[in-house]
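Chain by chain, the residues:
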Amino acid sequence: MSVARMLFCALVALAVSLAGAPGVFAQSLQAGMNAAAARNYVRAAEIFLPLAAAGDARAQAYLGFMYQRGQGVPQNYVVSAAWYRCSANQGFANAQYQLGLMYDKGQGVPQDYIMAYVWLNLAVAGAGPEREQWVRVRDAVLSKLTLLERQTAQLLAFSQPPRQPCLPIQTGL
């Protein structure tokens, strides 16, 4: 068993042991957000990782963001997209939006305007005050599609995109 795999298993075990204490999760998530706000990204990543491995969509989205930007962790678009996908699969709109942008740009995933539209459209459905901006981005991606691609993308968004596993994260190395 590789060292990385052993570390991952240990983190999952820690997260599972904390699962019986939802208050601990909420406090930990807040502690991670506080660390990120204070620009202590290494500490934030340490806090978010076990939460994300245990399935917390918000922690997964935070890790996706941190890997995308290289804050507290090495920049890695593949890992970023995987964490966003974990969160997006749970319906977390911010992660859906970020994953849609990654498909649009081909960062960490193959460039695919159909999948970009699907994730952006799902994000818009769950958006808050950022909805108008997200609609403009979604519609800009839509303009890149042919009529048949538009119909395919809208059908996929309506029926939900096919589930893809997000863990363990495979980097191809």
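Everything below is about the structure printed above this text.
Conventions we followed
- Here, residues in each chain are numbered from 1, in the same order as that chain's written sequence.
- Predicted model: local features are reported for residues with pLDDT of at least 70 only, side-chain atom pairs are reported and counted for 80 or more only, and whole-chain, interface and lining totals are derived from all residues.
- As a convention, hydrogens and water are excluded, and side-chain values are obtained from all of the structure's heavy atoms.
- By definition, any uninterrupted DSSP run of H or I lasting at least four residues is a helix, any uninterrupted run of E lasting at least two residues is a strand, and each is numbered from the N terminus.
- Under the convention used throughout, the expected extent of a helix is 1.5 Å for every residue step, that is, one less than its residue count.
- Note on exposure labels: buried denotes an accessible area under 20% of the residue type's maximum, exposed denotes more than 50%, and partly exposed covers the range between, all computed with a 1.4 Å probe on protein chains only.
- Any Lys or Arg side-chain nitrogen located within 4 Å of an Asp or Glu carboxyl oxygen qualifies as a salt bridge.

Visitor: Where do I start with helix 6 (residues 93-105) in this structure?
Guide: Compared with the 18 Å implied by 1.5 Å per residue over 13 residues, the 19 Å span of helix 6 between its first and last C-alpha is a close match. In terms of residue burial, helix 6 counts as a mostly covered element, since eleven of its 13 residues are buried. Of the residues making up helix 6, those classed as buried are Ala-93, Ala-95, Gln-96, Tyr-97, Gln-98, Leu-99, Gly-100, Leu-101, Met-102, Tyr-103 and Asp-104. Residue Gly-106 follows helix 6 closely and has a positive phi angle near 70 degrees.

Visitor: Could you clarify how one ought to interpret the environment of Asn-34 in this entry?
Guide: Its location among the elements puts Asn-34 in helix 2 (residues 22-37). For Asn-34 and Ala-44, which are ten residues apart along the polypeptide, the C-alpha to C-alpha distance reads 7.9 Å.

Visitor: Help me out: how do you make sense of the pattern of salt bridges in this one?
Guide: Between side chains of opposite charge, a pair can form when the charged atoms approach closely. If you walk through the whole model with that rule in mind, you get four salt bridges. Between Arg-43 and Glu-46 there is a salt bridge, and its shortest N-O distance comes to 3.3 Å. In this pair, Arg-43 and Glu-46 are both assigned in helix 3 (residues 41-53), three residues apart and thus about one turn of the helix distant. Taking relative accessible area as the criterion, Arg-43 reaches 41% and is therefore assigned partly exposed. For Glu-46, a relative accessible area of 47% gives the class partly exposed.

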